[in-house]
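Structural features, examined
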Amino acid sequence: MEQTDFTEKYEALLFQIPLFRDLPLNIKHLLVDKLDFTVYAIKKNDIVARQHTHCKRLMVLLEGRLRVDSMDASDNEVLIEYIIAPRAFATPYLFKLDTTLPATFKAMEDGVLLTATNESVFRLMSEIPDLLKSFLGVAGNCTKCTDLRLKALSYKNIRSRFVAYLFEYKAENSSVVKIEHNQVELADYLCVTRPALTREINKMMKERLISMKGKTVELLQIAELKRVIL
């Protein structure tokens, strides 16, 4: 990673992330002035943060995409998620008693990373209640995402994992799901092989449980699909 300039473009991207997005304009200007941050250009395959190291800085991916993997007890690499810019990540670990990161964050393409010292973030949160409230909300959502991921992996068969994934991304009162991953990425995410996942999806389409085109899935029999994960 190489240090780079903080441009107006990157400032605009920084204020798109949920942590800062809804703050008043005067507070946003204050953040830029008082936050102790550095901006880096990252290259494809750069390790941005490594599992078992300590989270000492707020990390915000301004451009690019990261793959998040964790090594389990048997030294198997398990895909946790993909992070798409602009987004802060590993936020809940910034102020935990145990700040050890549970996964490795690797760049999938060239991008831009902003990091800020935890001391400057804490100082600003102590001065700006709105920022503290926003941080707690973001940290809570990160915990919810982790819980959903673990819930999907708790199912034993491919169909159950895939259905759990679909309901994870389904908007309320909608039968159409826009998924984030292609089938190769999705197979990794669900810890199954791609051919096996493809066969199961084709089987579900033949059974008229779903229809699928690209990354758009329509749930044709929601009640029946819910029974799969009960």
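Analysis parameters
- Residues numbered from 1 in each chain as written.
- Predicted model: local features only at pLDDT ≥ 70, side-chain atom pairs only at ≥ 80, totals over all residues.
- Heavy atoms only, no water.
- Core = buried A, V, L, I, M, F, W, Y, C linked by side-chain atoms within 4.5 Å.
- Buried < 20%, exposed > 50% of the residue type's maximum accessible area, 1.4 Å probe, protein only.
- Helix = DSSP H or I, 4+ residues; strand = E, 2+ residues; numbered from the N terminus.
- Contact = heavy atoms within 4.5 Å.
- Pairing = 2+ DSSP bridges.
- Axes fitted to C-alpha atoms, helices over the stretch in contact; angles between N-to-C directions.
- Salt bridge = Lys/Arg side-chain N within 4 Å of Asp/Glu carboxyl O.

1. Some words on the nonpolar core
Ranked by internal contacts, the top residues of the largest apolar core, which has 44 residues, are Phe 20, Leu 66, Phe 89, Phe 105 and Leu 131. Of all the elements, strand E4 (residues 57-63) adds the most residues to this core, at five residues. Discounting chain neighbours no more than four positions away, the residues touching Phe 89 are Val 48, Met 59, Val 60, Leu 61, Leu 66, Ile 83, Phe 105 and Leu 113. In terms of nonpolar packing, the next biggest core, distinct from the first, is built from 26 residues, Val 177, Leu 190, Ile 201 and Leu 219 among them.

2. Comments concerning the sheet that holds strand E11 (residues 210-213)
Strands sit in the order E10-E12-E11 across an open sheet of three strands; the sheet is antiparallel. At either end of the open sheet lies a strand with only one pairing partner, and these are strand E10 (176-178) and E11. Going from strand to strand, the sheet's axes swing by 20° on average, the running direction of each strand aside. Two elements, E11 and strand E12 (residues 216-219), share four bridges in a ladder whose sense is antiparallel. Following the sheet pairing, Lys 213 is matched in E12 by Thr 216.

3. So, the pairing of strand E2 (residues 37-42)
Two elements, strand E1 (residues 2-4) and E2, share three bridges in a ladder whose sense is antiparallel. Residue Thr 4 lies in a different strand from E2, and its bridge partner there is Val 39.

4. Here's the deal with unusual backbone geometry
For residues that are not glycine, phi is negative in most cases, and the peptide bond is trans in most cases. Residue Pro 86 is reached from Ala 85 by a cis peptide bond, and omega for that bond is -5°. Within the secondary structure, Pro 86 sits in the loop between strand E6 (77-84) and strand E7 (87-89). The backbone phi angle of Asn 173 is positive, close to 65°, even though this residue is not glycine. With respect to the helices and strands, Asn 173 occurs in the loop between helix H6 (158-169) and E10.

5. Description of the pattern of salt bridges
Following the criterion strictly, the structure yields eight salt bridges and no others. In this structure, Arg 65 engages Glu 185 in a salt bridge whose closest nitrogen and oxygen atoms are separated by 2.9 Å. Of this pair, Arg 65 sits in strand E5 (residues 65-71) while Glu 185 is found in helix H7 (residues 183-190), placing the two residues 120 residues apart along the sequence. Judged on exposure class, the residue Arg 65 and its partner Glu 185 are both buried. We note a salt bridge from Glu 81 to Arg 87, for which the minimum N-O separation is 3.1 Å. Each of Arg 159, Glu 200 and Glu 207 takes part in one network of salt bridges that share partners.

Scope: geometric values only; no functional claims are made or implied.
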